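Breakdown of the fold
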Amino acid sequence: MINLNKLIEYSFYLFNIILPWQARLIWQDSFLNKYVWEYGRFSLYGTELFLIILLLLYGIWLIKAMHLKKIKIKIDQVWQRLKNPPVLIYSLVVLFLLVAGASIIWSLNAELAYVKWIKFIEVTALFSAIVIFNFRFEKIAVAWVASSVLQSLFAIWQFFVQY
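Quick notes on the rules
Residues numbered from 1 in each chain as written. Predicted model: local features only at pLDDT ≥ 70, side-chain atom pairs only at ≥ 80, totals over all residues. Heavy atoms only, no water. Helix = DSSP H or I, 4+ residues; strand = E, 2+ residues; numbered from the N terminus. Buried < 20%, exposed > 50% of the residue type's maximum accessible area, 1.4 Å probe, protein only. Polar contact = N/O pair within 3.5 Å; in protein donor to acceptor, adjacent residues only side chain to side chain. Contact = heavy atoms within 4.5 Å. Axes fitted to C-alpha atoms, helices over the stretch in contact; angles between N-to-C directions. Parallel < 35°, antiparallel > 145°, perpendicular 65-115°, else oblique. Left-handed = near helix turned anticlockwise from the far one by under 90°. Nonpolar A, V, L, I, M, F, W, Y, C, P; charged D, E, K, R; others polar.

1. What to know about unusual backbone geometry
Of note in this structure, Asn 33 is not a glycine but carries a positive phi near 55°. Relative to the helices and strands, Asn 33 is located in the loop between strand 2 (31-32) and strand 3 (35-36). Even without glycine at this site, Lys 34 takes up a positive phi of about 70°. Mapping Lys 34 onto the fold places it in the loop between strand 2 and strand 3. Given a relative accessible area of 80%, Lys 34 falls into the exposed group.

The structure is reproduced here in structure tokens:
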């Protein structure tokens with residue numbers, strides 16, 4: 001059977017390698033003053049699909065390894081738990097995501113706000129995975145260098161085969 005820890009770890013390193021290859025599917029253009037508005041463009045990156053799969057594996061790992069423990073909420077213990085800096089930071093991040101999600105209600109373009117809110121959630125989940133899951137800095141550096149070398153070789157090849 002495949003070890004889930006190794007699968008997540010090597011998938012994360014592969015994600016770092018393919019990150020510069022930003023192929024995307026654009027399904028709707030937005031215009032501002034008769035020009036395409038890049039921020040308002042609805043698109044889906046290939047690496048974003050890979051990131052979603054990676055985050056789903058990370059969620060399964062959290063549930064399977066019982067890293068998500070049931071929290072019994074008692075009012076007198078809430079203030080004691082908030083004195084712990086990681087719990088306070090986590091609570092502030094969750095509060096920020098909730099406020100950002102609530103801002104969809106009064107936004108001018110609710111679809112665009114919803115898509116950007118999903119991206120906020122993806123980035124927050126990726127940060128959580130990086131902090132909780134112990135990735136090795138050396139392997140991340142090797143993945144970045146491998147990515148740079150692959151992209152450089154591709155650029156050199158394109159230069160020499162152009163007309």
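2. Focus on the side chain of Ser 30
Mapped onto the secondary structure, Ser 30 falls in the loop between strand 1 (24-28) and strand 2. There is a polar contact of 2.6 Å between the side chain of Ser 30 and the backbone oxygen of Gly 40. Residue contacts for Ser 30: discarding those within four places in its chain leaves Tyr 35, Val 36, Trp 37, Gly 40, Arg 41 and Phe 42.

3. Side note on the side chain of Ser 43
Among the secondary structure elements, Ser 43 is positioned in strand 4 (residues 42-45). Under the relative-accessibility criterion, Ser 43 is labelled buried at 9%. Polar contacts involving the side chain of Ser 43 include one to the side chain of Arg 24, which spans 3.4 Å. Here Ser 43 is in contact with Arg 24, Leu 25, Ile 26, Trp 27 and Lys 119, once residues within four sequence places are set aside.

4. Comments concerning the packing of helix 2 (residues 46-64) against helix 5 (residues 110-132)
Packing of helix 2 against helix 5 leaves a shortest axis separation of 10 Å and a crossing angle of 50°. On the basis of their axis angle, the class for helix 2 and helix 5 is oblique. Relative to helix 5, helix 2 is oriented so that their crossing is left-handed. Every residue of helix 5 that contacts helix 2 at Glu 48, Leu 51, Ile 52, Leu 55, Tyr 58 and Trp 61 is listed here: Lys 119, Glu 122, Ala 125, Leu 126, Ser 128, Ala 129 and Ile 132. Of the residues contributing to the contact of helix 2 with helix 5, the split by class is 9 nonpolar, 1 polar and 3 charged.

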